[in-house]
Amino acid sequence: MLNTSMLRPTGKAKDEVSLSDITNMLKNRSSEPATMEYNPEDVKELEKFCNEHGILGVNFGKMNPRAALNMLKGKMGVRNEPTIKKGMLYG
């Protein structure tokens, strides 16, 4: 049989946080999100790719524009350089 008295804590726990502690933490928090600075050339290249392929907008959060561009190219099957098939069948 399971002893349920062990599942319910009694008394005040050491790690308990009071409402005033939470309020103080929230007051010290900045309301403005941190802005990220990216390479302008990468941003322009991403914008150019989107314009060429009719993409109206993308939202990748805080992802680097270069990584977002590579991910879009991979999803759309667009490659910069031709793929060279290597192996026994292709020589």
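This write-up is about the structure you can find in this document. Everything numeric here is computed off the predicted structure, so don't read it as measured data. (Residues numbered from 1 in each chain as written. Predicted model: local features only at pLDDT ≥ 70, side-chain atom pairs only at ≥ 80, totals over all residues. Heavy atoms only, no water.)

1. Focus on the nonpolar core
Moving on, step 1. Core analysis: the biggest nonpolar cluster contains seven residues, these being Leu46, Phe49, Cys50, Ile55, Ala68, Leu69 and Leu72.
Moving on, step 2. In contact with isoleucine 55, other than residues within four places in its own chain, are Phe49, Cys50, Leu72 and Met76. (Core = buried A, V, L, I, M, F, W, Y, C linked by side-chain atoms within 4.5 Å. Buried < 20%, exposed > 50% of the residue type's maximum accessible area, 1.4 Å probe, protein only. Contact = heavy atoms within 4.5 Å.)

2. Concerning the pattern of salt bridges
Moving on, step 1. Under the criterion given, the structure shown has two salt bridges.
Moving on, step 2. For aspartate 42, the salt bridge is made with arginine 66, and the minimal N-O distance between the two is 2.6 Å. Residue aspartate 42 is located in helix α2 (residues 40–52), and its partner arginine 66 is located in helix α3 (residues 65–76); the two are separated by 24 residues in the primary sequence.
Moving on, step 3. The exposure class of aspartate 42 is buried, given its relative accessible area of 11%.
Moving on, step 4. Accessibility expressed as a relative area gives 36% for arginine 66, which makes it partly exposed.
Moving on, step 5. Across the pair glutamate 45 and arginine 66 runs a salt bridge, and its minimum N-O distance is 3.2 Å. (Salt bridge = Lys/Arg side-chain N within 4 Å of Asp/Glu carboxyl O. Helix = DSSP H or I, 4+ residues; strand = E, 2+ residues; numbered from the N terminus.)

3. Focus on α2
Moving on, step 1. Given a rise of 1.5 Å per residue, 13 residues ought to cover 18 Å, and the 18 Å separating the end C-alpha atoms of α2 matches this to within 8%.
Moving on, step 2. Where α2 is concerned, the buried positions are Asp42, Leu46, Phe49 and Cys50. Burial along α2 is one-sided: seen end-on, the buried residues are contained in an arc of 100°. Seen from the buried face of α2, the exposed residues on the opposite side, beyond 90 degrees, are Pro40, Glu41, Lys44, Lys48, Asn51 and Glu52.
Moving on, step 3. Buried residues belonging to α2 abut α3.
Moving on, step 4. After α2 finishes, the residue glycine 54 shows a positive phi value of roughly 70°. (Expected span 1.5 Å × (residues − 1). Arc of directions from axis to C-beta.)

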